[in-house]
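Spelled out from the first residue to the last, the chains are:
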Amino acid sequence: SEDTVTITVTTPRADDVVLLYHHDRRARLANNGDGTYTGKIRAGLFSGWRHFGVNVLARGTLFDDAAAYDSKAWIYPYVAMGGPDVDYLP
């Protein structure tokens, strides 16, 4: 199906840079100004396992050469259902 999923990430800072990785794309999540960041992905046309990744970087990591490197990343699996079953290789 062409269903969309909303991803919400909560961090302790309101100025982080939060990236969403899905398929072969990288997108910056919208900063809601309160330590939450949101974005959407399309679930997929075919049934099967998929995955997406989230990377949270402290603002100083990207914009301040003197700041320490601060990055956290996660990869999450999910199952798309409703379309024809196909083999999927990540």
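Whatever comes next refers back to the structure up there.
Just so it is clear, the structure is predicted and the values come from calculations on it, not from any experiment. (Residues numbered from 1 in each chain as written. Predicted model: local features only at pLDDT ≥ 70, side-chain atom pairs only at ≥ 80, totals over all residues. Heavy atoms only, no water.)

Moving on, we get to the overall build of the chain. Helix and strand content of the chain: one helix and seven strands. When the helices and strands of the chain are placed in sequence order, the string is β-β-β-β-β-β-α-β. Classification of the 90 residues of the chain by burial places 33% in the buried group. Looking at the chain alone, contacts between residues at least 24 apart form 62% of all its contacts between residues at least 6 apart. Of the roughly 6,200 Å² of accessible surface on the chain, a fraction of 55% belongs to carbon and sulfur atoms. (Helix = DSSP H or I, 4+ residues; strand = E, 2+ residues; numbered from the N terminus. Buried < 20%, exposed > 50% of the residue type's maximum accessible area, 1.4 Å probe, protein only. Contact = heavy atoms within 4.5 Å. Areas by Shrake-Rupley, 256 points an atom, 1.4 Å probe, with all protein chains shown as cover.)

Turning our attention to the sheet that holds strand 6 (residues 48-57). The strand order 3-2-6-7 describes an open sheet built from four strands, whose pairing is antiparallel. Every other strand in the sheet has two partners, leaving strand 3 (25-28) and strand 7 (71-80) as the edge strands with one partner each. When strand polarity is set aside, the average angle formed by the axes of neighbouring strands in this sheet is 20°. Of the pairings in the sheet, the one linking strand 2 (residues 17-22) to strand 6 comprises six bridges and is antiparallel in character. Counted as the bridge partner of Leu20 is Val54 from strand 6. (Pairing = 2+ DSSP bridges. Axes fitted to C-alpha atoms, helices over the stretch in contact; angles between N-to-C directions.)

A few words on the sheet that holds strand 1 (residues 4-10). Taken together, the three strands give an open sheet; going across it, the order is 1-5-4, and neighbouring strands pair in antiparallel fashion. The open sheet has two edge strands, strand 1 and strand 4 (30-31), and neither has a second partner. As paired elements, strand 4 and strand 5 (residues 36-42) share two bridges and run antiparallel to each other. Along strand 5, the bridge assignment pairs Ala30 with Thr38.

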